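# Results of the structural survey
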Amino acid sequence: MESIPIQQQAEGESKAAFLRRFARDVRNGLSLPRKRLPCKYLYDDTGSRLFSQIMDLTEYYPARCELEIFQMHKAALADLFGGPPLNLVELGAGDGTKTRVLIGQMRARKTDFTYVPIDISRAAVDCVSGRFSRWFPGLRTRGITADYLAGLKWLSGQNHCRNIVLFLGSSIGNFPARDREAFLRNLRQSLNTGDCVLIGFDLVKDIAVMTRAYNDAEGITAAFNKNILTRINRELEADFDPGLFRFYSTWDADARAVQSYLVSTCAHQVHIRGLRRSFDFSAREAIHTESSHKFTRHQIRELAARNGFAVAAEFTDDAGYFTDCLWRAA
Ligand SMILES: C[S@@+](CC[C@H](N)C(=O)[O-])C[C@H]1O[C@@H](n2cnc3c(N)ncnc32)[C@H](O)[C@@H]1O
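Since the model is a prediction, treat every value here as computed from it, not as a measurement.

Cut-off values and rules
Residues numbered from 1 in each chain as written. Predicted model: local features only at pLDDT ≥ 70, side-chain atom pairs only at ≥ 80, totals over all residues. Heavy atoms only, no water. Helix = DSSP H or I, 4+ residues; strand = E, 2+ residues; numbered from the N terminus. Buried < 20%, exposed > 50% of the residue type's maximum accessible area, 1.4 Å probe, protein only. Core = buried A, V, L, I, M, F, W, Y, C linked by side-chain atoms within 4.5 Å. Contact = heavy atoms within 4.5 Å. Expected span 1.5 Å × (residues − 1). Pairing = 2+ DSSP bridges. Axes fitted to C-alpha atoms, helices over the stretch in contact; angles between N-to-C directions. Phe/Tyr/Trp six-rings, centres within 6.5 Å; stacked < 30°, edge-to-face > 60°. Lys NZ or Arg CZ within 6 Å of the ring centre and 35° of its normal. Parallel < 35°, antiparallel > 145°, perpendicular 65-115°, else oblique. Left-handed = near helix turned anticlockwise from the far one by under 90°. Nonpolar A, V, L, I, M, F, W, Y, C, P; charged D, E, K, R; others polar. Near = heavy atom within 4 Å. Polar contact = N/O pair within 3.5 Å; in protein donor to acceptor, adjacent residues only side chain to side chain. Areas by Shrake-Rupley, 256 points an atom, 1.4 Å probe, with all protein chains shown as cover. Disulfide = S-S within 2.5 Å.

Its identity as a non-glycine residue notwithstanding, R256 has a phi of 55°, on the positive side. Within the secondary structure, R256 sits in the loop between β7 (245–252) and β8 (257–264). According to the relative accessible area criterion, R256 is partly exposed, its value standing at 33%.

Okay, here's the thing in structure tokens:
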């Protein structure tokens, strides 16, 4: 197993570069009239562990539905991915629960592939690489700790072989609309014509079902969101008191998204030593932490066409809550 850090990582300058970017993003986000923090920073080691717990929650249907799709359609997917050697590249791999099903099937068919998990969270890359080397002895794995942008840069150098990209868990729904289009264009440009991507989209459904998924009874999602404050405290020497913030999520009909916030319960000030700055919070002022956009089938087909992809197949769970779409780079 090979693990190559390419952008954000543990040692020396690259760690320093990551911290500079984190500091800049926190400063910019908290300086806005409507404060926000980029959701990619939710995933430090603790955040990745909490997200794994979220995936097991009864309320969090996306993980269950997508796993059902993989279990139901693993043979069809493995058929589609058969043929010459390939890179199976997974963007935002997480703990690889669904990918395990696919890899098991591909191995049974003796498909020749290298698995390349790419994730901003070092803990996620280590977890999935470690688990897969135990579950699938001899599997060629190349773990990359990087954000999507750096991951796509690596992918664009892979034009000597076939690439299949997995982008699961409706992570596509976390981009603001304009960034989503830019990401898909960049993804298309990083691929060879004929390469495929399998993208998980959460479909628009009953509002109560969607909002419950982001506000579970046990409070794990609240802890996941509040952890970003603890991370800022640790990495940028801030004095956030997470106890002064309440987690709140709501359906935004205009954006077709569940929006997540941390809401200040009182007027107070937070000092971030690493930024040499303080930030004022008024009572009930919110920090936006995540958007989870939901999609219609029509919108998904338009997204593919606008960004240079042809729809090759669609796989949906029994309840019709979630769909994994296979797009071919046209
Ligand atoms: C919603 S989770 C989905 C995990 C997995 N794909 C699944 O379906 O179970 C998002 C994953 O993407 C990673 N991630 C989030 N933002 C990222 C970014 N900008 N670049 C790279 N990875 C990112 C997180 O660390 C996390 O593992």
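Let us look at the nonpolar core. Burial of nonpolar side chains together is a common tendency in soluble globular proteins. Core analysis: the largest hydrophobic core is formed by 67 residues, its most contacted members being V26, L88, Y115, I232, F240 and I272. Take this core: its biggest share by element is seven residues, from helix α3 (residues 61–80). If sequence neighbours within four positions are ignored, I232 has contacts with F22, V26, L37, E237, A238, F240 and I272. Formed by 30 residues, the second largest nonpolar core is a distinct cluster that contains I144, F183, I300 and C325.

As for its placement among the helices and strands, L198 is situated in strand β6 (residues 196–202). Measuring from C-alpha to C-alpha, the distance between L198 and D280 comes to 43 Å, with 82 residues separating the pair along the chain. The contacts of L198, once residues within four sequence positions are left out, are F70, L77, V165, L166, F167, L168, D324, C325 and L326.

The end-to-end C-alpha distance of helix α5 (residues 122–135), which contains 14 residues, comes to 20 Å, matching closely the 20 Å that a straight helix rising 1.5 Å per residue would cover. Buried within α5 are the following residues: A124, V125, V128, S129, G130 and F132.

Let us now look at the sheet that holds β8. In space, the three strands of this open sheet follow the order β7-β8-β11, with antiparallel pairing throughout. Both outer strands of the open sheet, β7 and β11 (286–293), are each paired with one neighbouring strand and no more. Here the average twist between neighbouring strands, direction ignored, is 20°. Pairing of β8 with β11 involves seven bridges; the strand directions are antiparallel. What sits directly across from Q259, in β11, is S291.

The geometry of two aromatic rings is summed up by the distance between their centres and the angle between their planes. Using the criterion set out here, one finds 25 aromatic pairs in the structure. Consider the rings of Y115 and F132, whose centres lie 5.1 Å apart with planes at 35°: the pair is tilted. Taken together, the positions of Y115 in strand β3 (residues 113–119) and F132 in helix α5 put the pair 17 residues apart, joining distant regions of the chain. For Y115, a relative accessible area of 0% gives the class buried. Judged by its relative accessible area of 0%, F132 falls in the buried class. Considering the side-chain rings of F132 and W135, the 5.8 Å spacing of their centres and the 40° angle between planes classify their relative orientation as tilted. With F132 and W135 both in helix α5 and three residues apart, this pair spans about one turn of that helix. Each member of the aromatic cluster is reached from another via a ring pair, and the members are Y43, F51, Y60, Y214 and F224. Taking NZ or CZ as reference, R100 lies 3.5 Å from the ring centre of W135, over its face.

What follows deals with the packing of helix α7 (residues 177–189) against helix α10 (residues 297–306). Across the interface, α7 lies against α10 with an axial gap of 10 Å and an inter-helix angle of 50°. Classified by the interaxial angle, the pair formed by α7 and α10 is oblique. Relative to α10, α7 is oriented so that their crossing is right-handed. Between α7, through R180, E181 and L184, and α10, the contact on the second element is made entirely by Q299, L303 and R306. Residues belonging to the contact of α7 with α10 are distributed by class as follows: two nonpolar, one polar and three charged.

This next bit is on the site of the ligand. Looking at the ligand, there are 18 residues lining it, with G92, K98, D119, I120 and Y148 nearest. At 3.1 Å, a backbone N or O of I120 approaches a nitrogen atom of the ligand. Separating an oxygen atom of the ligand from a backbone N or O atom of G169 is a distance of 3.3 Å. In isolation the ligand exposes 590 Å². Once the protein is present, 94% of that is buried.

Only one face of β7 is buried: it carries F245, F247, S249 and W251, and the other face, with R246, Y248, T250 and D252, is open. Bridging between β7 and β8 involves eight bridges; their strand directions are antiparallel. Bridge pairing in β8 links R246 to V263. Adjacent in sequence and paired antiparallel, β7 and β8 are bridged by four residues, among which R256 carries a positive phi angle near 55°.

In this section: the state of the cysteines. If you walk through the whole model with that rule in mind, you get zero disulfides. Not part of a disulfide, C39 finds its nearest cysteine sulfur in C127, a span of 20 Å. The exposure class of C39 is buried, given its relative accessible area of 18%. Cysteine C325 is unpaired, with the sulfur of C196 as its nearest cysteine sulfur at 12 Å. Assessed through its relative accessible area of 1%, C325 is described here as buried.

Scope: geometric values only; no functional claims are made or implied.
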